Amino acid sequence: MSDSFSRNRRYLALWLPFLPTDRLHREARLRRSSGAGPAEDRGIGARSGRRPLVVLTRAKNALRIAHADQAALGLGLHPGLTLADARARVADVATVDEDPAADQAALERIADWCIRYTPLVGLDGTDGVMLDITGCAHLFGGEAVLRDDVARRLQAMGFTSFSAIAGTPDAARALARFARGGILAPGREATALRPLPVAALGIAPDLVLALSRAGLKTIADLEDRPRNPLVARFGKDVAERLARVLGEMDHPISPRRPVPAFMAERRFAEPVVRAEDISATLNGLAEELGALLERDGAGGRGFEASFFRADGDVRHIAVSAGRPLRDAGAITRLFAERLASLADPIDAGFGFDVIRLAACATEQADAAQIGFDGRTREDEAVAALIDRLSARFGESHVLRFVPQDSHIPERRVRLLPAIAPAEAALAGAALAERSGAREPQLPLRLFDPPEPVETMAEVPDGPPKQFRWRRILHEVVAAEGPARIAPEWWRREGDTDEEGKSLTRDYFRIEDQEGHRFWLYREGLYERETGRPRWYLHGIFA
């Protein structure tokens, strides 16, 4: 079992032991290079390494070191030491308050950057990243070349890292964190990891202490013991972690981003900067992606372009389509609209060395028969227009009305993105077709919410003889109704009386002496639901 797992999968584990301090040093260098201000503003030396840097947190009623850079560690300023003791040892130590959110954001940016190597990338704790590189290493010249490339690029960005490759995530993680990295040949996990301490299993510190007190200090000590007594004394987690580290059990990673169904990418020996080159690259990728989709009989409903900058920055741009697409020209036009509408344009910086185009959501796309009436082409033109408008202005700003199963006028339709799946619109159209013949004529313009009016009627349940709306008195010459709409009692919201009961609506089509037509309703049945029915103007007929 161990051999089958390790031969089939390969994982690259990254450990960034100085992530918080490396992040601070990197930010200081970026501020200096941009001329935004000296690094001393935050207590970090003007040159990297001039002053040791520690990150502080409050623990046990004292400020203590949470993280220390390599210079501080070399001077004996280790995590857990109080700030007073640290300054007693090194007077000019630079201090910065801990910022877990910024550290997490930095780790996530590094994980997103690692997608340049494989789409299967996940976080590994608060200071690590795990990559599933199965089937990817040969694209970079082998596992050793890939591992060295990752470390070199991270070092250029200012991050110290240790990395390891093994057949399971836990084995790679243990090797990176407790053996300072390396590459394990398939099936070698059980032999190579035996000398490592039990902490390499990734178990809780109290379990590490309990195992140590029992004389079980290395993975070899655990492997040589029967598993059942270990489970009975230390819990099931210890046995499972041991099996995962030794390659007896695989534990797949959870990718940060959805794995695209289809993908095409370009890698450049020299980063590209010119907009013309970037546009031509996107067009070429769209053609490749369209060919892949056509070969599989599919079309893309969601696309994402990823731009990997040479300095480690990554930008993702996503577009959606209202119908399955695989035409390169249509895909390129969507991205052109989206890029033109960005409030924060893509900055090439020192250039992009990788550009990737992926189809993140796909559907089966069968060839459509063109009708003799030409409606198919018209429908495609409208769909293309909706896609382009949605890409430029955003899906939430291009909407369509979809009929709903309700008799309450303001609930009869719902606004949905026009680019939404066609099933919702088709269901609404079928509903409207089924109920359209029975529905009374409604005004083209509805008020939301309905506006209150003052009325005078001959009888409480009859139509008004006159009503005042917006300070203007209207004399009624003709009325049609009532058209009664019972309340939707299963809903909590809606028109209610003082006791919280839903009220009936009686609608009237009214014409005044000047020929204007209005749609009014009386809320509440007189002496049955309320003693004082209220009147509202809900719409105006054209």
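Nothing here was measured: the structure is a model prediction, and the numbers come from that model.

Asker: Explain the sheet that holds strand S12 (residues 352–364) to me, please; I cannot follow it from the model alone.
Answerer: By way of backbone hydrogen bonds, the strands of a sheet pair with one another, either parallel or antiparallel. The four strands lie next to each other as S9-S12-S10-S11, forming an open sheet whose pairing is antiparallel. Edge positions in the sheet fall to strand S9 (262–272) and strand S11 (314–325), since each of these pairs with one other strand and no more. This sheet shows a mean twist of 15° between the axes of neighbouring strands, independent of strand direction. For strand S10 (residues 298–309) and S11, the ladder comprises eight bridges, and the chain directions are antiparallel. Along S11, the bridge assignment pairs Gly-300 with Leu-325. Relative to the sheet, helix H13 (residues 275–295) contacts S9, S10, S11 and S12, its axis offset from that of S9 by approximately 155°. Helix H14 (residues 328–340) contacts S10, S11 and S12 of the sheet and is inclined by roughly 130° relative to S11.

Asker: Help me understand the nonpolar core, please; the structure alone is not making it clear to me.
Answerer: For soluble globular proteins, nonpolar side chains are generally found buried alongside one another. Core analysis: the largest hydrophobic core is formed by 30 residues, its most contacted members being Leu-193, Leu-201, Leu-211, Ile-219, Leu-222 and Phe-234. When residues of this core are traced back to their parent elements, those giving at least two are strand S1 (11–15), strand S7 (162–166), helix H7 (169–178), helix H9 (205–213), helix H10 (219–223), helix H11 (227–234) and helix H12 (236–245). Among the elements that make up this core, the one with the highest residue count is H7 (five residues). When near neighbours in sequence (up to four residues on either side) are disregarded, Leu-222 contacts Val-198, Leu-201, Leu-211, Leu-216, Leu-230, Val-238 and Leu-242.

Asker: Would you mind going over the sheet that holds strand S2 (residues 53–59) with me for this structure?
Answerer: With mixed pairing, the three strands of this open sheet are ordered in space as S3-S2-S4. Strand pairing shows two members of the sheet lacking a second neighbour, strand S3 (62–68) and strand S4 (94–97), which therefore form its edges. Adjacent strand axes in the sheet meet at a mean angle of 45°, parallel and antiparallel pairs treated alike. Two elements, S2 and S4, share four bridges in a ladder whose sense is parallel. Note on S4: the bridge partner recorded for Val-55 is Val-96. The strands touched by helix H2 (residues 19–34) are S2, S3 and S4; relative to S2, the strand with the most contacts, the crossing angle is about 125°.

Asker: I tried to follow the packing of aromatic side chains on my own but got confused; where do I start?
Answerer: Aromatic rings considered in pairs are described by the distance between their centres and by the relative angle of their planes. This model, assessed by the stated rule, comprises 11 aromatic pairs. Ring centres of Trp-15 and Phe-162 lie 5.7 Å apart, and the angle between their planes is 35°; this geometry places the pair in the tilted category. Here the residue Trp-15 occupies a position in strand S1, and Phe-162 occupies one in strand S7, the gap between them amounting to 147 residues. Overall, the relative accessible area of 22% leaves Phe-162 in the partly exposed class. Between Phe-467 and Phe-518 the ring centres are 5.3 Å apart and the planes differ by 80°, which places this aromatic pair in the edge-to-face class. Linking Phe-467 in strand S16 (residues 464–469) with Phe-518 in strand S19 (residues 517–523), this pair joins segments that are 51 residues apart in sequence. Phe-518 shares its class with Phe-467; the two are buried. Taken together, Phe-447, Phe-467, Trp-469 and Phe-518 form an aromatic cluster joined through their ring pairs. When the ring centre of Tyr-521 is taken as reference, the NZ or CZ atom of Arg-505 above it lies at 4.7 Å.

Reading the values: rules and limits
- Residues numbered from 1 in each chain as written.
- Predicted model: local features only at pLDDT ≥ 70, side-chain atom pairs only at ≥ 80, totals over all residues.
- Heavy atoms only, no water.
- Pairing = 2+ DSSP bridges.
- Helix = DSSP H or I, 4+ residues; strand = E, 2+ residues; numbered from the N terminus.
- Axes fitted to C-alpha atoms, helices over the stretch in contact; angles between N-to-C directions.
- Contact = heavy atoms within 4.5 Å.
- Core = buried A, V, L, I, M, F, W, Y, C linked by side-chain atoms within 4.5 Å.
- Buried < 20%, exposed > 50% of the residue type's maximum accessible area, 1.4 Å probe, protein only.
- Phe/Tyr/Trp six-rings, centres within 6.5 Å; stacked < 30°, edge-to-face > 60°.
- Lys NZ or Arg CZ within 6 Å of the ring centre and 35° of its normal.

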